Amino acid sequence: MRLLRWQLPACAMLWGMEATTDLPATPSDQQATHRSRGTPRERWRRARLLAYCRLLAGVCRLLELHPALWRYAVRHYRPGLDRLAAASARAMCALAAVDVPAYRDFLRRHGTGRHRTLTDFPETDKDRYVAGYDQLSRSWRGRWPDRGVIVDESAGSSGRPFNWPRGAAELATVQYNVAGYVSLVFPVHRRFVINAYSMGAWATGTTTGTAMARIAVVKNTGPDLDKIVDTLHHFGPDFDYLVTAYPPFLKHLRDRLDAEGFPWAEFRIAAMCGGEALTEALRSYLEERFVRVRSGYGASDLTIGMGAETALTVWLRRRLQTDQPLRAALLGPDEQRLPMAFQYNPLATYLEVNQRRELLCTINNVRGLQPRLRYNVGDEALLYPYHQLLRVLRADPHRWREGQSALAAERMSLPLLFLFGRSDSTVSYLGANIYPQDVEYGLYEGNPQAGAISRFCLDLAEQADLEVRPVVHIELRGPLPPADRAALAAICRDGVLRHLTSVSRDFAQSLAEDPRAADLRVQLHDPGEGPFDNSKLKNVYLRG
């Protein structure tokens, strides 16, 4: 970590804290921009910025040599490194302003002209930036390598697929980070990973399998219960198993093994999940069988492994359920929601929160094929420094004593990310985003009883069996007889499922791999009842 500390003055020396990114006029032909080498001043600025970014990348590569080095780094993170992380993020933006054709044009259209601090650079997102420029123009120098590029896919609200290319060096960094985290949180000797994520075009499944192969035996089963059961019986109890999957699938696996009388006591099985929120009730249910269950945070737009749960964050989240003073101190006096809690490494993924509490991410990796620069993924979040958390915990002696074992478990001194979920009124279920406009199409299109519907909202509700399922709440225009209510609910459910399957590749893939994805609930409410408040003039499509 000493090597990282002296890079702070080196950063200022290389490109100057008062440096600007004045941009020359862009040729109207985008391909001309691709071929442009820039003015001598731009080439000199590029050389300085690239030297600094590569210096940090070289240090990061040293940490990738072995998971033990990664563990050392995250255990010795210091507040002063936040300045280095912010400076690195600014350097990435400044370098992209010179070296990425799309970003040059984006700054001209949306920037202020002079960029002395990181916040002077405008936010990027899927709609304004990704959809507005072609793949090559969003890449360094407008070029791709001829080989080694892997393309992941995600779908948006219109069903239009978004493609996310990643180069070999970028994937290697992600894989080393995932491997380092797993080796720290799941410290075992004979690790056998059963990768139950989807093996389609999504990033999570393929990247997880490749990353785990660095530290474990891996079998990529996908979300196939029969294959997983057969794998456990075939290889037996001599391994330390780690199952990676979406949270609902882990419950399906536990219930299936219980029904078959599986000898849990003879096996050591832990689980790691992602893709959607994990409730503490479901975690407790799973940990009646699994040794440990931890969740991670990532996005197809950005990368997997942006944040991860530790013993500290799990203890803290459970404490927030009942400790109102702690909740007020960390989340604010009026916050009643219980967010997911993660720790993250700002040197790898520098995070900010804008005035709308939306999460912005800059990936501090010049080896990435397409830089992610103050990218707004659409999640609501809060950030909290680790040293300030310790100060809050020490203020209450009882709270401090209770948290000692959690603090001592992994000993990661990284800052915290509190994640509330999507800020754009979507819900994530089995890795697929469900958008209000798609639900609306399903409710009204071809529905002979559509006139009975006043409005609707979405919810992810935990059922009595601890399954979390999407729920469409519908407010009726007036009372309906029981038979008509049942008929309307059935028509709405079938219509929403049919439309989601037709427009969302992610949802269709989830349905093909696990028919239980079709278990979408519809609840009808009389006017002004349930989650609907007649005092609100504007419809709220996501139930808080």
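As the structure is a prediction and not an experimental result, all values here were calculated from the model.

Okay, the pairing of strand β7 (residues 293–297) next. Of all five residues in β7, four are buried; the element is thus mostly enclosed. Direction of pairing for strand β6 (residues 268–273) relative to β7: parallel, over a ladder of three bridges. Bridge assignment links Met 272 to a residue of β7, and that residue is Arg 294. By the bridge criterion, two bridges tie β7 to strand β8 (residues 307–308) in an arrangement that is antiparallel. In the sheet register, Tyr 297 faces β8, and the bridge partner there is Gly 307.

A few words on empty space enclosed by the protein. Empty space left among the atoms is revealed by rolling a probe the size of a water molecule over them. For the structure shown, the criterion picks out eight cavities of 30 Å³ or more. Computed from the structure, the second largest cavity encloses a volume of approximately 60 Å³. Surrounding the second largest cavity, Thr 124, Tyr 129, Val 130, Arg 138, Trp 164, Gln 370, Pro 371, Arg 372, Leu 373 and Tyr 375 form its lining.

Attention now moves to the sheet that holds strand β16 (residues 453–462). Each strand in a sheet pairs with its neighbour through backbone hydrogen bonds, running either in the same direction (parallel) or in the opposite one (antiparallel). Pairing is mixed in the open sheet, where three strands are placed in the order β16-β17-β18. Every other strand in the sheet has two partners, leaving β16 and β18 (521–525) as the edge strands with one partner each. Shown here is a sheet whose adjacent strand axes are inclined to one another by a mean of 25°, direction ignored. The pairing of strand β17 (residues 468–476) with β18 spans five bridges and is parallel. Each bridged residue has a counterpart across the sheet, and for Ile 474 the counterpart in β18 is Leu 524. Strands β16, β17 and β18 of the sheet are contacted by helix α20 (residues 482–503), whose axis makes an angle of about 140° with β18.

On to the pattern of salt bridges, then. For the structure on display, the rule yields 32 salt bridges. Of the charged contacts, one joins Asp 99 and Arg 141 as a salt bridge, the two residues approaching to 3.4 Å between their closest N and O atoms. Linking Asp 99 in helix α6 (residues 81–99) with Arg 141 in the loop between α8 (126–130) and β1 (150–155), this pair joins segments that are 42 residues apart in sequence. Judged by relative accessible area, which is 8%, Asp 99 ranks as buried. Where Glu 309 meets Arg 283, a salt bridge forms, and the shortest distance between an N and an O atom there is 2.7 Å. Separated by 26 residues along the polypeptide, Glu 309 in the loop between β8 and α14 (311–322) and Arg 283 in helix α13 (residues 280–286) bring together distant segments of the chain.

In this structure the tally under the stated criterion is 16 aromatic pairs. Summarising the aromatic geometry, the rings of Tyr 103 and Tyr 129 are spaced 6.2 Å apart at their centres and angled 90° between planes, so their arrangement reads as edge-to-face. Residue Tyr 103 is located in helix α7 (residues 101–110), and its partner Tyr 129 is located in helix α8; the two are separated by 26 residues in the primary sequence. Taken as a pair, Tyr 103 and Tyr 129 share a single burial class, namely buried.

Mapped onto the fold, Ser 88 is located in helix α6. Relative accessible area serves as the criterion here: at 1%, Ser 88 is assigned to the buried category. C-alpha of Ser 88 to C-alpha of Val 366: the two residues are 278 residues apart in sequence and 10.0 Å apart in space.

A few words now on the environment of Ala 131. Assignment of secondary structure puts Ala 131 in the loop between α8 and β1. It is 8.4 Å that separates the C-alpha atoms of Ala 131 and Phe 162, two residues lying 31 residues apart in sequence.

Looking now at the packing of α20 against helix α21 (residues 505–513). Closest axis-to-axis distance for the α20/α21 pair is 5 Å, and the angle between their directions is 110°. Looking at the two axes, α20 sits roughly perpendicular to α21. α21 is crossed by α20, and the crossing has left-handed handedness. Between α20, through Leu 497, Leu 500, Thr 501 and Val 503, and α21, the contact on the second element is made entirely by Arg 505, Phe 507, Ala 508 and Leu 511. Within the contact of α20 with α21, the residues separate by chemical class into six nonpolar, one polar and one charged.

Cut-offs and rules
Residues numbered from 1 in each chain as written. Predicted model: local features only at pLDDT ≥ 70, side-chain atom pairs only at ≥ 80, totals over all residues. Heavy atoms only, no water. Buried < 20%, exposed > 50% of the residue type's maximum accessible area, 1.4 Å probe, protein only. Helix = DSSP H or I, 4+ residues; strand = E, 2+ residues; numbered from the N terminus. Pairing = 2+ DSSP bridges. 1 Å grid on protein atoms, 1.4 Å probe; cavity = no way out; pocket = protein on both sides within 12 Å on 5 of 7 lines; lining within 4 Å. Points joined across faces, edges and corners; volume = space filled by probe spheres on them. Axes fitted to C-alpha atoms, helices over the stretch in contact; angles between N-to-C directions. Contact = heavy atoms within 4.5 Å. Salt bridge = Lys/Arg side-chain N within 4 Å of Asp/Glu carboxyl O. Phe/Tyr/Trp six-rings, centres within 6.5 Å; stacked < 30°, edge-to-face > 60°. Parallel < 35°, antiparallel > 145°, perpendicular 65-115°, else oblique. Left-handed = near helix turned anticlockwise from the far one by under 90°. Nonpolar A, V, L, I, M, F, W, Y, C, P; charged D, E, K, R; others polar.

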